[in-house]
Structure formats: C-alpha cells, structure tokens
Amino acid sequence: FSFQLWCVLVLFLSWSEVHNFQFEELAQYIDSHQEQYVETLREWIAIESDSSDVQRRADVQRMMSVTAEKLRKMQGNVEMVDIGLQQLPDGTTIPLPKVVTAQVGSDPSKLTVCVYGHVDVQPAKKEDGWATDPYNLTDIKGNLYGRGASDNKAPVLAWLHTVEAYQSLSIDLPVNVKFIIEGMEETGSNGLDAMVEAHNETFFSDVDYIIISDCGWLSRRPALTYGTRGNCYFFAEVVGPNKDLHSGVFGGTVIEPMTDLIGILGTFHSNICLYIHFSGSPEPALVSTEEREPPVVSHHEGVLARRWRHPTVSIHGIEGAFSASGSKTVIPAKVTGKFSIRQVPNMDPKEVEKQVCSHLEDVFAKRGSPNKLKVSMVIGAKPWLADIQHPLYEAGKAAVQKVFKVEPDMIREGGTIPVARTFQDVTGKSIIMLPIGGFDDGLHSQNEKISRYNYIEGTKLFAAFLHEVSQIKRD
Ligand SMILES: CC(C)C[C@H](NC(=O)CN)C(=O)O
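Source: prediction; values computed, not measured.

### Some thoughts on the overall build of the protein
Here is step 1: Scanning the protein from N- to C-terminus turns up 14 helices and 20 strands.
Here is step 2: For the protein, the proportion of its 475 residues judged to be buried stands at 53%.
Here is step 3: The contacts of the protein with a sequence gap of at least 6 include a subset with a gap of at least 24, amounting to 81%.
Here is step 4: Total accessible area on the protein stands at roughly 21300 Å², and carbon and sulfur atoms take up 52% of it.

### So, the nonpolar core
Here is step 1: Formed by 100 residues in total, the largest nonpolar core has its most connected members in Phe 179, Ile 180, Tyr 393, Phe 423, Tyr 455 and Phe 465.
Here is step 2: Looking at this core, the element that brings in the most residues is helix α4 (residues 149–168), giving 10 residues.
Here is step 3: Aside from chain neighbours lying at most four places away, what touches Ile 180 is Val 99, Val 100, Thr 101, Cys 114, Val 115, Tyr 116, Gly 117, Leu 192, Met 195, Phe 203, Phe 204 and Phe 423.
Here is step 4: Counting residues in hydrophobic clusters, the runner-up holds 23 residues, among them Val 238, Leu 265, Val 335 and Val 352.

### Describing the packing of aromatic side chains
Here is step 1: Overall, the coordinates contain nine aromatic pairs when judged by the stated rule.
Here is step 2: Taking 6.2 Å as the distance between ring centres and 80° as the angle between the ring planes, the aromatic pair formed by Tyr 233 and Phe 235 counts as edge-to-face.
Here is step 3: By relative accessible area, Phe 235 is classed as partly exposed at 21%.
Here is step 4: With centroids separated by 6.2 Å and ring planes inclined at 65°, the aromatic side chains of Phe 404 and Tyr 453 adopt a geometry described as edge-to-face.

### Focus: the site of the ligand
Here is step 1: The environment of the ligand is made up of His 118, Asp 151, Glu 185, Glu 186, Asp 214, Asn 231, Arg 342, Gly 415, Thr 416, Ile 417, Pro 418 and His 444.
Here is step 2: His 118 places a polar side-chain atom, nitrogen or oxygen, 3.4 Å from a nitrogen atom of the ligand.
Here is step 3: Contact between the ligand and Arg 342: an oxygen atom at 2.8 Å from a side-chain N or O atom of the residue.
Here is step 4: When the ligand is considered free in solution it has 360 Å² of accessible area, and contact with the protein chains removes 91% of it.

### Things to note about the pattern of salt bridges
Here is step 1: In the structure shown here, the tally under the stated rule is 21 salt bridges.
Here is step 2: We note a salt bridge from Glu 351 to Lys 354, for which the minimum N-O separation is 3.3 Å. Pair noted here: Glu 351 and Lys 354 are both in helix α11 (residues 349–367), with a separation of three residues, about one helical turn.
Here is step 3: Of the residues examined, Lys 354 reaches a relative accessible area of 54% and is grouped as exposed.

### Observations regarding the domain arrangement of the protein
Here is step 1: Domain annotation for the protein reports domain 1 (17–228 + 383–470) and domain 2 (231–381).
Here is step 2: Centre-to-centre separation of domain 1 and domain 2, based on C-alpha positions: 31 Å.
Here is step 3: With 18 residues of domain 1 at the contact, the number on the domain 2 side is 18 residues.
Here is step 4: The contact between domain 1 and domain 2 buries some 1500 Å² in all, and 61% of this surface belongs to carbon and sulfur atoms.
Here is step 5: Area buried by domain 1 at its contact with domain 2 is led by Leu 218, Pro 383 and Arg 412, which between them contribute 43% of it.
Here is step 6: Our count for the contact surface shared by domain 1 and domain 2 stands at zero salt bridges.
Here is step 7: Counting the contacts that link domain 1 with domain 2 gives two residue pairs in polar contact (both at pLDDT 80 or more).
Here is step 8: Among the elements that line the side of domain 1 that touches domain 2, the one with the most residues is strand β18 (residues 409–413), at five residues.

### Digging into the sheet that holds strand β13 (residues 312–319)
What links the strands of a sheet is backbone hydrogen bonding, and the strands pair in either a parallel or an antiparallel sense.
Here is step 1: Overall, antiparallel pairing links the four strands, which are arranged β13-β15-β11-β16 in an open sheet. The open sheet has two edge strands with one neighbour each: β13 and β16 (372–381). Across the sheet, the mean angle separating the axes of adjacent strands is 20° when strand polarity is ignored.
Here is step 2: Relative to the sheet, helix α7 (residues 257–265) contacts β11 (230–239), β13, β15 (334–343) and β16, its axis offset from that of β15 by approximately 15°.
Here is step 3: Where α11 meets the sheet, it contacts β11, β15 and β16, and its direction lies at approximately 160° from that of β16.

### Some thoughts on the environment of Tyr 455
Here is step 1: On the secondary structure map, Tyr 455 appears in helix α14 (residues 452–470).
Here is step 2: C-alpha of Tyr 455 to C-alpha of Ser 150: the two residues are 305 residues apart in sequence and 8.7 Å apart in space.
Here is step 3: The residues touching Tyr 455, leaving out its near neighbours within four places in the chain, are Tyr 37, Val 38, Leu 41, Leu 144, Ala 154, Leu 157, Ala 158, His 161 and Ile 450.

Quick notes on the rules
Residues numbered from 1 in each chain as written. Predicted model: local features only at pLDDT ≥ 70, side-chain atom pairs only at ≥ 80, totals over all residues. Heavy atoms only, no water. Helix = DSSP H or I, 4+ residues; strand = E, 2+ residues; numbered from the N terminus. Buried < 20%, exposed > 50% of the residue type's maximum accessible area, 1.4 Å probe, protein only. Contact = heavy atoms within 4.5 Å. Areas by Shrake-Rupley, 256 points an atom, 1.4 Å probe, with all protein chains shown as cover. Core = buried A, V, L, I, M, F, W, Y, C linked by side-chain atoms within 4.5 Å. Phe/Tyr/Trp six-rings, centres within 6.5 Å; stacked < 30°, edge-to-face > 60°. Near = heavy atom within 4 Å. Polar contact = N/O pair within 3.5 Å; in protein donor to acceptor, adjacent residues only side chain to side chain. Salt bridge = Lys/Arg side-chain N within 4 Å of Asp/Glu carboxyl O. Domains from an automatic or database assignment. Buried area = accessible area lost by both parts, 1.4 Å probe. Pairing = 2+ DSSP bridges. Axes fitted to C-alpha atoms, helices over the stretch in contact; angles between N-to-C directions.

Below, the structure written as structure tokens:
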C-alpha cells in the first residue's frame, strides 16, 4: 500500500463507522418512540377517509389537512394543491381532496427523493365481518388492526417518522426528501395524473428518484417490488321498467334487468380473458428466469404468474340489487354491475375499454332484450414495470440487509398503484417500490392490520434506505 492509499482506507473505514453508529442511533430512537408512533397511527385510523363514499369527502379533506400539519411540524415546505372537481355519475361535481406536497431539505449537493403515498382508504364497516371496530386501532398480540393500517397509513407515517428521527437526532438528512400524498388512490387517483403533468417542470424538476411504499411482502421475508398490474374498472348499467316491480305481479311478463346483467357478466370467464389474451399482447405466461430464482422459487410458479403476469377479471358487486338480509320479492328496475380487469404490460386501457364495451354490447344484443345497456370505464390505470438493474434496487437490497440481515424477495404486485406508470412516463424518473406491509395484512378485506414489527422495523428500513440512496452516483 502506498501512504495515500492507506489514508483513503482509514478515511473510508472511519466514515463507515460513523454511518454504522448513526444507524444504531436512529434504530434506538425509532424503538424508543414505538408507542408514540402507534398513537399517531391510532389518530389517523380514526379518520374514516373512505374516498369511494362521497358522504365521507369532508373526512378525506380532514385527513389531508392532518397530514399537511404533521409535515409542517417537521419544518417541511408544505402545500395543499387544489386538483379540481370530481364529476359524479348524476352529473354533479364535488371538490377532489387536495394533494399534499412537501419538501424537507433543499441542498443542491444532495440527491432528492420523492416519497409518494395515500391516506384514503377502502370502505369498511364492522358488520362486514370485522372482529373489531375498523376505525378504532386495536392491538391484538402485536398486530394493529384498523382500516388503512397497512394500505397505506402506517407506511406513510413510517416515512414521516424516518425524517423526524433524523431531525430529532440532528443527523444530517443524507438526501433531500419531497412528499406527494394523495386522498383518492383507492378510487383510481382521480385528478393526480393531471397534477403530476402540471408540476413536472416545477415540483418534480429536481427529483432524482421516486419511492412508493404502498404494497406488501410476499412472505415473511422483506421484498422489493418491481412491477404492478394495471386496473380498468367498469360500470355496466341495465335499465328496464321505470320503477321496481312486484315479482308476483310482473314476474314472467317482463325481461328482468338483473337477468340480463347476470347473463352478460356470466360470459366473462368463458370469453373475455381469452379475448384480451389474443387481442392485446400480454407477457408470456410463464415467470421469467429471474423470477424463478430462489427465494421466490418456494412459491408456486403458476400462482405467481397468474398474480403478476396475466390479466384477470373480477366482478365486484351489483348496485341496485336487493342485498339486505331477509327476503324481498322485488324485480329491481335498474342494476349496475361493477367489475374490473387487471392488466399486464403491453395492454393499453383504451384498447381494453373498446374490447370490453364491444364484447358486452354484442352479447347483450344477442339476447334481444328491450332493456337498455350502458357500459362505462371509470378507472383506466396502466401497469408498471421497473428495471431491477437500476442502482435504486441495489440500495434497497443493502438497506434490507442492514435492517433484516437477509436478501429481499424480488417481487411484483398483483394490485395497482395508478400513478406509478404516470410518474414513469411523465417525469421520466426511476421508481422503486419499497414495501413494509406483511403478506397477510388483509388489504381491502375484513380485519386489515399491520404488525408492530413491520411498522417499526419498516421505519428503520426507510432510515437505512435514505443513506443507501445517498450513495448512488447521479445519472
Ligand atoms: C385502481 C385501484 C382502486 C387501486 C388499488 N390500489 C391499491 O390497493 C394499492 N393501495 C387496487 O385495487 O389495486
């Protein structure tokens, strides 16, 4: 070794030690603030920010204000961006929840990351079969139950706790951190694509990388996510008589809208998936070589291929149909079937819309029914796929190694983050999905939860990741 080389080595070692020391300090801080983090999550869960229910819009707006307030306390430069109006099916409009943007740190010598998340939730009622009140965070054996706990309130909070931990310990944030937090993700991120386009030259101009933590692990092992499916969501409305009818008086004399609707929806599994397969050009059916590599190999290859690489259709519900307990002998006059198609790369929502509408109109016409059919696509979110060779994924692996001492699963997600593809196409920035949710969190289902372990260790993961990202050489 020359003397200079020796000096470089000594400097490098002492720098690593400083970093290691700081990580331990951050990890201890996070551990010791666990109860406070759970309390803040409790306050957030108590806000019923269901974006699909227009009656709850004030709650979603309140959730956005609470998020903004928390960011302001972190000396963030916060804005609540007005993204306009939402048009409802009856033609009326209501304000969309404001999008919260924030910036913590603006040092031009540092990289800038932008964390995306959402604080709206799917609907939930105790009577849907929840064991606990969905809006009262309940800790049972280390699992924190509540609607939105995993999707996506705890992960958003974990990011805020991370930045706050650095600040409280006076440890220099290794990167500048921007936030973009929305309140309409669960209904397709209405208004967000336009907002991203409008702010591309301003808010996004100095962003280097975008981080999304709105998904879950595949197993007990931490994961990095590099793909999501898209979602095209449809309403198929069948209208018959001008009001509901007594089935004893009218049964047998009218063609019932519900019979038409079930008839046309019943053609899906026999026809539509095949139809989509042939007219789009989705990816090959089998998982790729790297997806076959351990540790993913422990999962059934066919199941993963179906979840990640194939399109699928699901029927979600029928509005207007009798669904209460008891027996009502009614013929509903108007019913609306709700279904969605998860798409994979190489499928385009516009093409899917054309194919689905023309398929349903064809099969409806063949029935010769006097009723009226109207099909509309209400969400058209594209799939997203990342380059796993990008240094962001190396940074993710290093952070997982630091906190969990294992290699992460490299996975895709069967669900959709509507804005992911927009971020990629509009801003051109590289994206990483860094999940902290558990594989069994029950997203969108009864008894959604996040474990304390995932919430707290996930916060440490984010703290470690910020350091690892700061080591990436600028593109
Ligand atoms: C377009 C859907 C409503 C988006 C939704 N996203 C998530 O659940 C991720 N938090 C989905 O159903 O995939």
